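Geometric and topological summary
Next come the chains, spelled out residue by residue.
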Amino acid sequence: MSIVRRILGSLEARLSQPRLSLWRTLYVNFRLLPFKEAVKLPIFIYGKVRLFILSGKVQFNSTIYRGMVKIGVNGDSFSLFDNSGYIQLADKNSIIEFDGPCRIALNTKVRVVCGRLKFGENTRIGSNCRIICNGADITIGRYTGVTFDCQIMNSGFHYMYDINEQAYINRSTDIRIGSFNWIGNHSFVSGNTVTPDYTIVAQDSLLNKSYVDVPEYSLLAGIPAKFIKTGIKRVFSPETERKINNLFKNHQKDKIIHCDEIYDDFKAIIQEM
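In short, a report on the structure. Since this is a predicted model, take the numbers as computed values, not measurements.

**What to know about a nonpolar patch on the surface**
On the surface, a nonpolar cluster with roughly 490 Å² of combined accessible area is contributed by Leu22, Leu26, Phe30, Phe35 and Val39. Sort the elements by how many residues they give to the nonpolar patch and helix α2 (residues 22-32) lands first, with 3 residues.

In structure tokens form, the structure reads like this:
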């Protein structure tokens, strides 16, 4: 019976994944990469990701291999296949950089207009996110996870004039999200945001300034986000998650369990990429 359940579970997991789109995969690689890189097919496109103006370019800053970047996968199972995801590189000055493997879930919109969007190695973007890089840079550090329904936008799209100062205000500013960050669902990251490494952002938060004075391993939360506490680490390894689940099985009503820290290998998330 357990064998049957495993088989059915594996089948259901496969059915929940959009299929690899061969023609979109071929088109994106040969449209955006030099031929010697394109033939390695480092970018896989799944489902019906829309390709909307690909006038810019993609750049890899590491050794490339087949399928190292996956776009349109069902990475978190929080979205249906409504096929609304798209990629846009609006002009020749629009660049997406990858420092290594990256996973971008289905229904996520990526728009770059005269800017540079950089993904660190092993970055994961959840479903239904919007990343809008307009006229400035966005950098997302390595091993950082952006969960479902988040928005990262570095531009207000329209200029404003300060009457008192007699000056126009730039509509676009840089965003720099540190490495090993975790951005909770429904959070909004706007221009001028800078976060240190190992930062956790609670769900439904608004980040709109530099938090460089906040120590590593800190929790930010609120609208706008404020420093809550430090000494907080996100658990990365699925194996560690399973061990912690077992701890809580007999203490389901407890909010915390005091014990020694279980070794957590953050590199284990590479297996999920």
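**Points about the packing of aromatic side chains**
Counted according to the given criterion, the structure contains 10 aromatic pairs. Where Phe180 meets Phe236, the ring centres are 6.4 Å apart and the plane angle is 80 degrees; that geometry is what we call edge-to-face. One end of the pair, Phe180, is in the loop between β17 (175-177) and β18 (182-183); the other, Phe236, is in the loop between β23 (226-230) and α4 (238-249), and 56 residues separate them in sequence. The residues Phe180 and Phe236 share a single accessibility class, namely buried. Among the aromatic residues, those joined into a cluster by ring pairs are Tyr143, Phe180, Tyr198, Tyr217 and Phe236. The ring of Trp182 has Arg234 sitting right over it, with the charged end atom 3.7 Å from the ring centre. The lysine or arginine in question, Arg234, covers the ring of Phe236, its NZ or CZ lying 5.4 Å from the ring centre.

**Points about α4**
Taking 1.5 Å as the rise per residue, α4 with 12 residues should run 16 Å; its terminal C-alpha atoms sit 17 Å apart, in good agreement. Capping the start of α4, Ser237 holds a side-chain oxygen 3.2 Å from the backbone nitrogen of Glu239, two or three residues further along.

**Considering the pairing of strand β5 (residues 86-89)**
Sheet topology places strand β2 (residues 50-54) next to β5; 3 bridges connect them, and they run parallel. Looking at the pairing, Arg50 lines up with Tyr86 of β5. Sheet analysis places β5 next to strand β8 (residues 109-113), joined by 4 bridges and oriented parallel. What sits directly across from Leu89, in β8, is Val112.

**A few points about the sheet that holds strand β9 (residues 116-119)**
One open sheet accounts for 5 strands, arranged β3-β6-β9-β12-β17; its pairing is parallel. One side of each edge strand has no neighbouring strand; the edge strands of this open sheet are β3 (57-60) and β17. Taken over all neighbouring pairs, the strand axes of this sheet differ in orientation by 10 degrees on average, direction set aside. As judged from the 4 bridges shared by β3 and strand β6 (residues 95-98), these two strands associate in the parallel manner. If you follow Phe60 over to β6, its bridge partner there is Phe98.

**Here's the deal with the pattern of salt bridges**
When their charged atoms lie close together, side chains carrying opposite charge are able to pair. Evaluation of the coordinates by the stated rule reveals 5 salt bridges. In this structure, the salt-bridge partner of Glu239 is Arg242, at a minimum N-O distance of 2.9 Å. One end of the pair, Glu239, and the other, Arg242, are both in helix α4, 3 residues apart, so they sit about a helical turn from each other. The class for Arg242 is partly exposed, based on a relative accessible area of 47%.

**A few points about the sheet that holds strand β4 (residues 69-73)**
Here 9 strands make up an open sheet; going across it, the order is β1-β4-β7-β10-β13-β18-β20-β22-β23 and the pairing mixed. Unpaired on one side and paired on the other, β1 (43-45) and β23 mark the two borders of the sheet. Relative to β18, strand β13 (residues 145-146) runs parallel, the two being bridged by 2 bridges. Directly across from Gly145, in β18, lies its bridge partner Trp182.

**What about α2?**
Inspection of α2 places Arg24, Thr25, Val28, Asn29 and Leu32 among the buried residues, and these make up the whole buried set. Taken around the axis of α2, the buried residues stretch over an arc of 125 degrees, which confines them to a single face. Along α2, exposed side chains directed more than 90 degrees from the buried face belong to Leu22 and Trp23. Its buried side turned inward, α2 meets α3 (35-38), β1, β2, β3 and β5.

**Remarks on unusual backbone geometry**
With an omega dihedral of -5 degrees, the bond running from Ile223 to Pro224 counts as a cis peptide bond. Relative to the assigned elements, Pro224 resides in the loop between β22 (218-221) and β23. At Ile53, a position not held by glycine, the phi torsion is positive, near 65 degrees. Its place among the elements puts Ile53 in strand β2. Residue Gln166 is not a glycine yet carries a positive backbone phi of 55 degrees.

About the criteria used
- Residues numbered from 1 in each chain as written.
- Predicted model: local features only at pLDDT ≥ 70, side-chain atom pairs only at ≥ 80, totals over all residues.
- Heavy atoms only, no water.
- Patch = residues over 30% accessible without salt bridge, like charges linked within 9 Å, V, L, I, M, F, W, Y side chains within 5 Å.
- Areas by Shrake-Rupley, 256 points an atom, 1.4 Å probe, with all protein chains shown as cover.
- Salt bridge = Lys/Arg side-chain N within 4 Å of Asp/Glu carboxyl O.
- Helix = DSSP H or I, 4+ residues; strand = E, 2+ residues; numbered from the N terminus.
- Phe/Tyr/Trp six-rings, centres within 6.5 Å; stacked < 30°, edge-to-face > 60°.
- Buried < 20%, exposed > 50% of the residue type's maximum accessible area, 1.4 Å probe, protein only.
- Lys NZ or Arg CZ within 6 Å of the ring centre and 35° of its normal.
- Expected span 1.5 Å × (residues − 1).
- Polar contact = N/O pair within 3.5 Å; in protein donor to acceptor, adjacent residues only side chain to side chain.
- Pairing = 2+ DSSP bridges.
- Axes fitted to C-alpha atoms, helices over the stretch in contact; angles between N-to-C directions.
- Arc of directions from axis to C-beta.
- Contact = heavy atoms within 4.5 Å.

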